[in-house]
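Residue-level structure breakdown
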Amino acid sequence: MNLVDEIRAAARSGGMLTQLIAINLGVFLLVNLVGVFYFLSGDGGGANVLTPYFAVPASIPMLFTKPWTIFTYMFLHEGFLHILFNILWLYWFGTIFLQYFSSKQLLGLYILGGLFGGLFYIVAFNVFPVFAPSVAVSQALGASASVIAIVAATAVYIPNYVVQLMFIGPVKLKWIAIVMIVLDVMGIPSTNSGGHLAHLGGAF
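All right, on to the pairing of strand β4 (residues 169–172) then. Note that strand β3 (residues 162–165) and β4 share four bridges and pair antiparallel. The partner of Val163 across the bridge, within β4, is Val171. In this structure, the hairpin formed by β3 and β4 is closed by a connection of three residues, where Phe167 is found at a positive phi of approximately 70°.

Before going further, it helps to spend a moment on the side chain of Ser146. Tracing the chain through its elements places Ser146 in helix α8 (residues 144–157). At a separation of 2.7 Å, a polar atom in the side chain of Ser146 contacts the main-chain carbonyl oxygen of Tyr110. Leave out the neighbours within four places in its chain, and Ser146 touches Met74, Tyr110, Gly113 and Gly114.

What follows concerns the nonpolar core. By size, the foremost hydrophobic cluster in this structure holds 46 residues, and its most contacted members are Val56, Leu90, Tyr110, Tyr121, Ile150 and Leu173. Taken together, the elements giving at least two residues each to this core come down to α2 (15–40), α6 (80–97), α7 (103–127), α8, α9 (173–186) and α10 (193–203). The element best represented in this core is α7, accounting for eight residues. In this structure, Val49, Leu50, Ala55 and Leu76 belong to the second largest nonpolar core, which totals five residues.

With respect to the secondary-structure elements, Thr154 resides in helix α8. A polar atom in the side chain of Thr154 sits 2.7 Å from the backbone oxygen of Ile150.

What follows covers a nonpolar patch on the surface. Side chains of Trp175, Ile178, Val179, Val182, Leu183 and Met186 sit close together on the surface and give an oily, nonpolar patch of about 600 Å² of accessible area. Along the polypeptide, Val179 turns up in helix α9. Its relative accessible area of 46% is what places Val179 among the partly exposed residues.

Rules of the game
Residues numbered from 1 in each chain as written. Predicted model: local features only at pLDDT ≥ 70, side-chain atom pairs only at ≥ 80, totals over all residues. Heavy atoms only, no water. Pairing = 2+ DSSP bridges. Helix = DSSP H or I, 4+ residues; strand = E, 2+ residues; numbered from the N terminus. Polar contact = N/O pair within 3.5 Å; in protein donor to acceptor, adjacent residues only side chain to side chain. Contact = heavy atoms within 4.5 Å. Core = buried A, V, L, I, M, F, W, Y, C linked by side-chain atoms within 4.5 Å. Buried < 20%, exposed > 50% of the residue type's maximum accessible area, 1.4 Å probe, protein only. Patch = residues over 30% accessible without salt bridge, like charges linked within 9 Å, V, L, I, M, F, W, Y side chains within 5 Å. Areas by Shrake-Rupley, 256 points an atom, 1.4 Å probe, with all protein chains shown as cover. Salt bridge = Lys/Arg side-chain N within 4 Å of Asp/Glu carboxyl O.

Without other data, these values stay purely geometric and don't point to any function.
Printed below as a string of structure tokens:
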């Protein structure tokens, strides 16, 4: 059994949560390794060379030319901190979610959260005039919408479930979800408007 087969076997044996984490990490490594190849070949680019093919665009005409991006964007990350925090939140809340629901429901919620996040982002960028100048070049990527869908769903189902937060202490899930949503609303007028809008779509 080679290394790739060993990784696949470990992912399958670990359950759906482990598989989702493994897919995100695998895509992250692939994108960055391809970026290294392009950099060394002198073609420029870097880690973001594949981003336009798998990130979801805000432009509806562009989305029609690559409709698969509404799915692929939710597994795509570029920066290390971006994927690190998404994976940590996915693991923490996915573990709690699986105490009450099945692995199939976790996968369904991950996909639906990502789809709603992507659609909300696209609609918002095409409806609100403030985004008109950037709609043609804007794109979204990352598992954040899927992750916050899991956070919100878990908080709605067991709002008084208590978790221990470092430096804070015991906090009920409902307050974590409320704070995350409020921060996303407040973050809309920032340089990452699309990300915050996708988060809100996922939470919805």
